[in-house]
Amino acid sequence: MSDTEILYIQKRPPTLTEMTGAEVAAALKQTDVLLLPVGATENHGAPLPLGTDSMEAREICRRAALQLEQAGCPVVIGPVIPFGTSSFHMGFPGTVTLRSQTLISLIKEVCLSLYASGFRKYALIHGHDGSLPSMMVAAQEIVDETPDAQALVLNWLTPLSKVYHTIQTSKKGEGHGGEGETSRLLATHPELVHPELGVPHHLPPEVMAKIQGPEHIKTGGGVFYATRSYRAHTPYGYIGDPALASVATGEKGYAVIVDWITSVLRRDYFGR
Ligand SMILES: [Zn+2]
């Protein structure tokens, strides 16, 4: 293997990490909206890399930014937050977890630093739903601690789960690292994805319902089920059948997620 081998390709637009200060200043003349991808470094089993959720969050922001740009609603994408609260994946090697308080502070301090540059409207976009509670606290505290910032958290799992059955080929419960997520990463980072290393692993519907289901708050319901350990549910670290993944399924998933995010941001931050 040569040291010039390309690991993966990242398409435009850049995040703040790849921009210059002058480019940010120019962008701020057009917009004060910042999309912040909040990722994770956590086990997804043999088919997917540990940074899957960070890559997904970035890709969602990337596609949303392009769609918004076309609608005359420019945004800047913030630096990818590479860690989340992933305590329940700690049974698998490579997982990194932050305490909720650390993640809240990290998100807040990134956003408040960029407030000093001139950003006022924040959209926190997750790649890992386990971080949603901390993201919501961070959003509230950003508003509490500034006179005029606005902040919202976009949980795209809710609109996506309503149409999962029309997108995925699997008729069983696909969850973390399953057909849907593997498909989305396959669509953007084929060099890093190995669906063939997956063997099917499904959970009984009543168990699955407490991980993601209509009753769960993260997928549109009213009950928050705290998670103990993924290892108790799956020796592989994923739930579902990653081998069913396809680029077409990934593209359909992204389309649902990005259309929803774009419509919320147009309505709430651009008034159109
Ligand atoms: Zn994930």
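Summarised in this report is the structure supplied together with it. (Residues numbered from 1 in each chain as written. Predicted model: local features only at pLDDT ≥ 70, side-chain atom pairs only at ≥ 80, totals over all residues. Heavy atoms only, no water.)

### Regarding the packing of helix 6 (residues 179-188) against helix 8 (residues 247-270)
Axis separation between helix 6 and helix 8 bottoms out at 7 Å; the angle between their running directions is 95 degrees. What the angle tells us is that helix 6 and helix 8 run roughly perpendicular. Only Val247, Thr249, Gly250, Glu251, Gly253, Tyr254 and Ile257 of helix 8 make contact with helix 6, whose side of the interface consists of Glu179, Ser183, Arg184, Leu186, Ala187 and Thr188. Looking at side-chain class alone, the contact of helix 6 with helix 8 contains five nonpolar, five polar and three charged residues. (Axes fitted to C-alpha atoms, helices over the stretch in contact; angles between N-to-C directions. Helix = DSSP H or I, 4+ residues; strand = E, 2+ residues; numbered from the N terminus. Parallel < 35°, antiparallel > 145°, perpendicular 65-115°, else oblique. Contact = heavy atoms within 4.5 Å. Nonpolar A, V, L, I, M, F, W, Y, C, P; charged D, E, K, R; others polar.)

### Considering the pairing of strand 4 (residues 150-154)
In this structure, strand 3 (residues 121-126) lies alongside strand 4, joined through five bridges in parallel fashion. Pairing of leucine 124 across the sheet is with valine 153, part of strand 4. Of the crossover connections in this fold, the one passing from strand 3 over helix 4 (residues 132-144) to the parallel strand 4 is right-handed. (Pairing = 2+ DSSP bridges. Right-handed = clockwise from strand over helix to strand, strands pointing away.)

### Some details on the environment of histidine 189
Among the structural elements, histidine 189 can be located in the loop between helix 6 and helix 7 (205-208). For histidine 189, a relative accessible area of 2% corresponds to the buried category. Separated by 134 residues in the primary sequence, histidine 189 and methionine 55 place their C-alpha atoms 8.4 Å from one another. With residues up to four places along the chain from it excluded, the contact list for histidine 189 reads Tyr8, Gln10 and Met55. In terms of polar contacts, histidine 189 uses its side chain to reach the side chain of threonine 188, at 2.6 Å. (Buried < 20%, exposed > 50% of the residue type's maximum accessible area, 1.4 Å probe, protein only. Polar contact = N/O pair within 3.5 Å; in protein donor to acceptor, adjacent residues only side chain to side chain.)

### A closer look at the coordination of the zinc ion
All of the protein donors around the zinc ion are His44 (NE2), Asp53 (OD) and Glu181 (OE); their distances to the metal are 1.8 to 2.0 Å. Here the donor residues for the zinc ion map to a single chain with the spacing H-x8-D-x127-E. With aspartate 53 in helix 2 (residues 52-70) and glutamate 181 in helix 6, this residue pair connects regions lying 128 residues apart in the sequence. The same class applies to aspartate 53 and to glutamate 181, which are both buried. (Donors = N, O, S within 2.8 Å, 3.2 Å for Na, K, Ca; no water.)

### A few points about the environment of threonine 146
Its location among the elements puts threonine 146 in the loop between helix 4 and strand 4. A residue is classified by how much of its surface remains accessible, and threonine 146, at 11% relative accessible area, is buried. Put simply, threonine 146 and isoleucine 9 are 137 residues apart on the chain and 38 Å apart in space, counted from C-alpha to C-alpha. Ignoring anything within four residues of it in the chain, the contact list for threonine 146 reads Leu112 and Tyr115. In terms of polar contacts, threonine 146 uses its side chain to reach the backbone carbonyl oxygen of isoleucine 142, at 2.8 Å.

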